[in-house]
Amino acid sequence: MSDDRPDNVDQPQDFAGVPARPMPGGGAVPTNKPATIERRSTPPSALGEPMIWLTGAALVVSLVMIVGLVAMIVTQGLTTFWPRPIERVTLNDGTVFLGVPTDTEADPAKTLYRTGNRDIGTEPFRWVPESDVVEVERPQYAVMLEREAWSVWMGVPEKAIEIAEDGEPTVVAEGPEAVMAFIEENHGEARERYKEIEGLKKHGLGGINQRIEALRLSVREAEIAATRTDRPADSFGMPVFAGVVVLGLGAFGFAWWVGRDHGPSDTPRLGGPSKPVRLARMAAVAVGVTLLLAAWLHAPWQNRVITDERLAEILTAATEREAELQARYDDVLARIADLEVEDERLRLEVVDPRTGRFAPARQIEPDNPMRLSQIVRVVDANDMGLGDKVGVFLSRWWEFLAHPPREANTEGGVFPVIVGTVMLTLLLTITVTPLGVIAALYLREYAPQGVVTSTIRIAVNNLAGVPSIVYGVFGLGFFCYTVGKYVDVGSDPSLRLPAPWWWVVLGGTVLALVAAYASSVWSKPIPGKEESTRNIALKWVSRILWLSVFISAAVLVVRTPYFTGFFEARAADGSPTFGSRGMLWAALTLALLTLPVVIVSTEEAIAAVPNSMREGSYGCGASKWQTMRRIVLPGAMPGILTGAILAMARGAGEVAPLMLVGAVKLNEDLPISTNAPFLHLDRSFMHLGFHIYDLGFQSPDSQAARPLVWTTTLLLLVIVVSLNLVAIIIRARLRARLTG
């Protein structure tokens, strides 16, 4: 740099680097003599802000990771059902076997073959070093049989056998080509017959069994009612019952009459009825509700004693009905037996080249070839054209989406899993969205902004960081074992209050309720005036009374002598209905887990609504609630739906709490059906997240299940994206309506 330095570097220069001529008195004037421009290295900050480059790089890395993950899931998941060639491998020790190559490794070079035939004791998957391979062929008639049980069978079809009525077998086709033609001709009919048999077993016999079980439970309920000794009180006679009902309805009428005809004036009054009128109306409603509750609990048809004669009549009727059902059960069994005899006639011998054995009908009957109906699908991949392979590919996808699983979930479909996942996601969304919106609305618009509100807001935010398994433990203990048990059998008999004392507590609760309402009304200062000491004291009295009302209400529910549960008979037999894991408790647990997401997003959405809109509404004479309902909530709706979308996505992917409160490995009974009550919220269910975990880590044949893990993950991704897409479309339409 020193060599390139101009000679006049010490002279003053102008802004263009042109040397300046000295001026008298120390000044300088620019000259026209060209000068050499000094070059300096450009600092990184001159090319752009380093943080911008850093954030951009972080975004690129994140996108690459997400896109890479999704691409891997899509490619692996879509190729699972594509039929692959069947190879006949000859090893240097003379072993010959059929297998489908599923994976390879380079160092050392080896191939993983799916060899199937697990029911005769062979390895279903086998790693084969390339150094041991002598020859690899793709024989034309090698087939892979996808079976109802024991997974796949690899072999060559050799015989088709028909068994006569006298049990004598006859070979009706011999040789691979003839047997394949026989399969093509008869397989469809055999499968229809098999499905009819399974349908009769599941729906025919299953439906009759459900009716017999319901009949048994009704008898059990009658027996429990006949032996009950803790009846809370006798029923009212009809005159007393009618009188109490009239008084209760009269109290409601009085409340309506007071509010309508005895206001302070005939003209509409700003702010509504006067305080005494509001208090009188509130008291009348409370009395009316109490009287009607008494009428219902002591109605003539309640607490009716079941005498021995009545119990005998119930038992007789149940016995006759059970006999009718048993006769129908026997008819269905006879029909199944006829179909099974027909089903036993057609057999196939598909021979394993390694052992020379054919696929047996059952593992305990190794000498009986398998029935034709046991085959779900015959895949002769080496003899297929592109169209046939596409047909098999689509057929496998249809089975995957529309059929229940089999073979410990490693074969078949995931239809019950899809239904369980979608229903759970919808239930949790329906539950958490209104609850979160109401909580956020109160926190933002009604609650005094102080230490308590800030503490609650911090607690809500911290709840989002609690491990999900903690929610599962809470859901199991609170929902399943506490609330569910109460729904089944009511409170513990030792906790139930005597009926007179329960009514005393109820009366005190009603008085506290009226007093709390009155103190709330009179605690509000007169508009335009400061809050007085009297107002503050009444406000605290009101808070204490409202707290006592809530506590008393809880005591009344927990210690009521009038409720003994909805499913006492089933619980007495050791099979609780809601007192165990189920869809309802799983949805509530996930709703609790995702509640902070909805509250936070809703609060932010409500805060984003301009205050000028609220003030305009108030200026038009709208009340607080009218402003919330007509102005604030519609304006915040896009943000609320964003919270619902986030909650939906979070809940759909959760697994840990579901393992404790409802999800099971296998349950083909759907939580929704055509039988009453149609929505079976007490049932356990299958879930895609838990299904992926089960396939990947609990399956007895993990190699066979690995492709299904990718496919099931792809399916879960598609379902979550679809549900979110629906919510996004609704949000976009709402936003367009609000802005347009």
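Quick note: structure is the one above.
Residues numbered from 1 in each chain as written. Predicted model: local features only at pLDDT ≥ 70, side-chain atom pairs only at ≥ 80, totals over all residues. Heavy atoms only, no water.

What to know about the nonpolar core
The cut-off we apply is this: Take the buried residues of types Ala, Val, Leu, Ile, Met, Phe, Trp, Tyr and Cys, join any two whose side-chain atoms come within 4.5 Å, and each joined set is a nonpolar core. Note on classification: 1.4 Å probe, protein chains only; a residue is buried when its accessible area is under 20% of the maximum for its type, exposed when over 50%, partly exposed between these limits. Helix numbers and strand numbers start at the N terminus; a helix is a DSSP run of H or I with at least 4 residues, a strand a run of E with at least 2. Throughout, a residue-residue contact means that at least one pair of heavy atoms, one from each residue, lies within 4.5 Å.
Of all hydrophobic cores here, the largest spans 34 residues; its most connected members are Leu424, Val432, Met583, Leu658 and Phe685. A total of 10 residues in this core trace back to one element, the largest contributor, which is helix α14 (residues 583-607). Leave out the neighbours within four places in its chain, and Met583 touches Gly420, Met423, Leu424, Leu427, Pro671, Leu681, Arg683 and Phe685. The next biggest cluster of nonpolar side chains, apart from the first, holds 21 residues, and it includes Phe400, Ile692, Leu695 and Leu723.

Quick notes on unusual backbone geometry
The omega torsion across Asp107 and Pro108 is -10°, close enough to zero to call that bond cis. Structurally, Pro108 is set in the loop between β4 (96-105) and β5 (110-114). The backbone of Trp150 sits at a positive phi, close to 65°, despite the residue not being glycine. Take Trp150: it is sitting in the loop between β8 (143-147) and β9 (152-163).

A look at the packing of aromatic side chains
The relative placement of two aromatic rings is captured by the distance of their centres and the angle of their planes. Condition: The criterion for an aromatic pair is that two Phe, Tyr or Trp rings (for Trp, the six-membered ring) have centres within 6.5 Å, with stacked assigned to planes under 30 degrees apart, edge-to-face to planes over 60 apart and tilted to the rest. As a reminder, the over-ring test applies to NZ of lysine and CZ of arginine, requiring each to be within 6 Å of the ring centre and within 35 degrees of the ring normal.
Taken as a whole and judged by the stated rule, the model has 23 aromatic pairs. On the basis of an interplanar angle of 5° and a centroid distance of 5.9 Å, the ring pair of Phe479 and Trp585 is categorised as stacked. Of this pair, Phe479 sits in helix α10 (residues 468-489) while Trp585 sits in helix α14, and the two are 106 residues apart along the sequence. Here the two residues Phe479 and Trp585 agree in accessibility, since each one is buried. Seen in terms of ring centroids, Trp502 and Trp503 are 5.1 Å apart; in terms of plane orientation they differ by 90°. Their pairing is edge-to-face. In this arrangement the basic side chain of Lys110 is found over the ring face of Trp127, its NZ or CZ atom lying 4.9 Å from the centre. In this structure, Lys624 packs its charged tip against the face of Tyr446, placed 5.5 Å from the ring centre.

A closer look at α10
The condition is simple: Expected helix span is given by 1.5 Å per residue-to-residue step, counting one fewer step than there are residues. Bend at a residue means the angle formed by two fitted axes: the first through the 7 residues ending at that position, the second through the 7 residues beginning there.
With 22 residues, α10 extends 30 Å from end C-alpha to end C-alpha; this agrees with the ideal 32 Å at 1.5 Å per step. Remark: the principal bend of α10, roughly 30°, maps to Gly475. Along α10, the positions that sit buried rather than exposed are Ser468, Tyr471, Gly472, Gly475, Leu476, Phe479, Cys480, Gly484, Val487 and Asp488. Contacts from the buried residues of α10 go to α9 (451-463), α13 (568-572), α14 and α17 (656-661). Phi for Gly490, located one or two positions after α10, is positive at around 75°.

A short note on the pattern of salt bridges
Spelled out, the test is: Any Lys or Arg side-chain nitrogen located within 4 Å of an Asp or Glu carboxyl oxygen qualifies as a salt bridge.
Scanning all chains against the criterion turns up 36 salt bridges. Residue Glu340 is joined to Lys201 by a salt bridge in which the shortest nitrogen-to-oxygen separation is 3.4 Å. Residue Glu340 is located in helix α6 (residues 308-343), and its partner Lys201 is located in helix α3 (residues 176-227); the two are separated by 139 residues in the primary sequence. The exposure class of Glu340 is partly exposed, given its relative accessible area of 31%. Among the salt bridges present, the one from Arg347 reaches Glu344, with a minimum N-O distance of 2.3 Å. Judged by its relative accessible area of 7%, Arg347 falls in the buried class. For Glu344, a relative accessible area of 25% corresponds to the partly exposed category. One salt-bridge network, in which partners are shared between bridges, spans Glu189, Arg193, Asp343, Glu344, Arg347, Arg362, Glu365 and Arg371.

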